[in-house]
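A closer look at the structure
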Amino acid sequence: KNILKSINIKEINLKKKEITFSNKKIKYNHIVSTIPLDQLVKITKPNPPTHIKKSSTYLKYRSIVLPYFVIKGQNMFDSETLYFPEKKYMFNRLYFPSSYYKDKKNNNLPKKYLVGLEVTCDFNDKIWKMKKNQLMNTLLQNLNELKIFDKNQVIDFFVHKEKYAYPIYLKDYMYHLNSIKDYYYSNGVMLNGRQGLFLHNNQHHSIEMA
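Let me begin by describing the structure that accompanies this report. All of these numbers come straight from a predicted model, not from anything done at the bench.

The rules behind each value
- One numbering rule holds for all chains: residues counted from 1, following each sequence as written.
- Restriction of local features to residues with pLDDT of at least 70 applies here, the model being predicted, together with a cutoff of 80 or more for giving and counting side-chain atom pairs; totals for whole chains, interfaces and linings are based on all residues.
- Values shown for side chains rest on all heavy atoms present in the structure; no hydrogens or waters enter the calculation.
- Strands here are runs of E lasting at least two residues and helices are runs of H or I lasting at least four, both read from the DSSP assignment and numbered beginning at the N terminus.
- Throughout, exposure labels follow a simple rule: accessible area from a 1.4 Å probe, protein chains only, divided by the maximum for the residue type, with under 20% read as buried, over 50% as exposed, and the rest as partly exposed.
- In what follows, residue pairs with any heavy atoms lying within 4.5 Å of each other are defined as contacts.
- Exposure was quantified through the Shrake-Rupley algorithm and a 1.4 Å probe, taking into account, for residues, occlusion by the shown protein chains and nothing else.
- Residues counted as positive are Lys and Arg, residues counted as negative are Asp and Glu, and His and the chain ends are not counted.
- Here the site of a charge means atom NZ of a Lys, CZ of an Arg, CG of an Asp or CD of a Glu.
- When DSSP finds at least two bridges between two strands, those strands are taken to pair.
- An axis is simply a line fitted to the C-alpha atoms; with a helix, the fit covers only the stretch in contact. Between two such axes, the angle follows the N-to-C directions and lies from 0 to 180 degrees.
- One speaks of a salt bridge when a side-chain nitrogen belonging to Lys or Arg is within 4 Å of a carboxyl oxygen belonging to Asp or Glu.
- In these notes, a set of buried Ala, Val, Leu, Ile, Met, Phe, Trp, Tyr and Cys residues joined through side-chain atoms within 4.5 Å is what counts as a nonpolar core.

1. Some thoughts on the overall build of the protein
Regarding its fold elements, the protein presents six helices and eleven strands. Its C-alpha atoms put the protein at 60 × 40 × 30 Å along the principal axes. Out of the 210 residues belonging to the protein, those deemed buried represent 40%. Sequence separation of at least 24 residues holds for 67% of the intrachain contacts in the protein that already meet a minimum separation of 6. A total accessible area of about 14000 Å² is found for the protein, and carbon and sulfur atoms account for 51% of it. Placing the 35 positive and 17 negative side-chain charges of the protein at their respective mean positions leaves the two points 7 Å apart.

Below you can see the structure in the form of structure tokens.
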């Protein structure tokens, strides 16, 4: 009945129906996994068959860097999301989180809003490893051209990163994916979510699936 958060799962034993984390072990009756499939295969005991291990190496993911600017002033854009397919821009999507909701009770608070960006990359490439200030300055150059906001309006800047963001659909990926899914379903493990199903779905899709 307890919800355990921020734990590092070291092993899932399908035979014993046991999960190991932080030198502790707990039994489970049912398990729903959203763990990226290549990582799930690595922590599964007894070791999955060789062809399952091999199939897991064919499933590749794109990573993502999520920079956020806190801007002084009021957001003048009606759109929630803007897309930038041009190669000259470092990011491919820009969005205004405050546009997803309206809070009429806070009209007297200082005016500021958030601008989020999505920068897709490969894990541990030069973008992933880019220092915070270098990333901010590079983005500001792009944004200055677009006239989204003035750099003098920036109050704060922070970055979030996700290693497993988008599945990459390579040739024959479906064969390898189905092999892994069949193995875990036959062992009583339900897979879900973008990482667990290797599926480019969104949060509301995952909720509906659950």
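So, next bit.
2. Examining the sheet that holds strand 9 (residues 112-121)
In a beta sheet, neighbouring strands are held together by backbone hydrogen bonds and run either parallel or antiparallel to one another. Here five strands make up an open sheet; going across it, the order is 7-8-9-6-10 and the pairing antiparallel. Each edge of the open sheet is held by one strand with a lone partner, namely strand 7 (81-83) and strand 10 (154-168). Pairs of neighbouring strands in the sheet enclose a mean axial angle of 20°, with direction left out of account. Bridge count between strand 8 (residues 93-95) and strand 9: three bridges; the pairing is antiparallel. Counted as the bridge partner of Tyr95 is Gly116 from strand 9. In the packing of helix 3 (residues 132-146) onto the sheet, contacts are made with strand 6 (60-72), strand 8, strand 9 and strand 10, and the angle to strand 10 comes to roughly 95°.

3. What to know about the pattern of salt bridges
This structure, assessed with the given rule, holds four salt bridges. Between Lys88 and Glu145 there is a salt bridge, with its nearest N and O atoms 2.9 Å apart. In this pair, Lys88 sits in the loop between strand 7 and strand 8 while Glu145 sits in helix 3, placing the two residues 57 residues apart along the sequence. Of the residues examined, Lys88 reaches a relative accessible area of 54% and is grouped as exposed. We classify Glu145 as partly exposed; its relative accessible area is 43%. With its nearest N and O atoms 2.6 Å apart, the salt bridge here joins Arg93 to Glu118. Of this pair, Arg93 sits in strand 8 while Glu118 is found in strand 9, placing the two residues 25 residues apart along the sequence.

4. Regarding the nonpolar core
Residues Phe69, Phe91, Leu94, Val115, Leu139, Leu143 and Phe149 are the most contacted members of the largest nonpolar core, which totals 26 residues. Contributing elements (two or more residues each) for this core: strand 6, strand 9 and helix 3. If we ignore the near neighbours within four places in the chain, the residues touching Val115 are Pro67, Tyr68, Phe69, Ile71, Leu94, Tyr95, Phe96 and Phe149. Judged by nonpolar contacts, the second largest core, of 23 residues, contains Ile19, Ile43, Leu59 and Tyr173.

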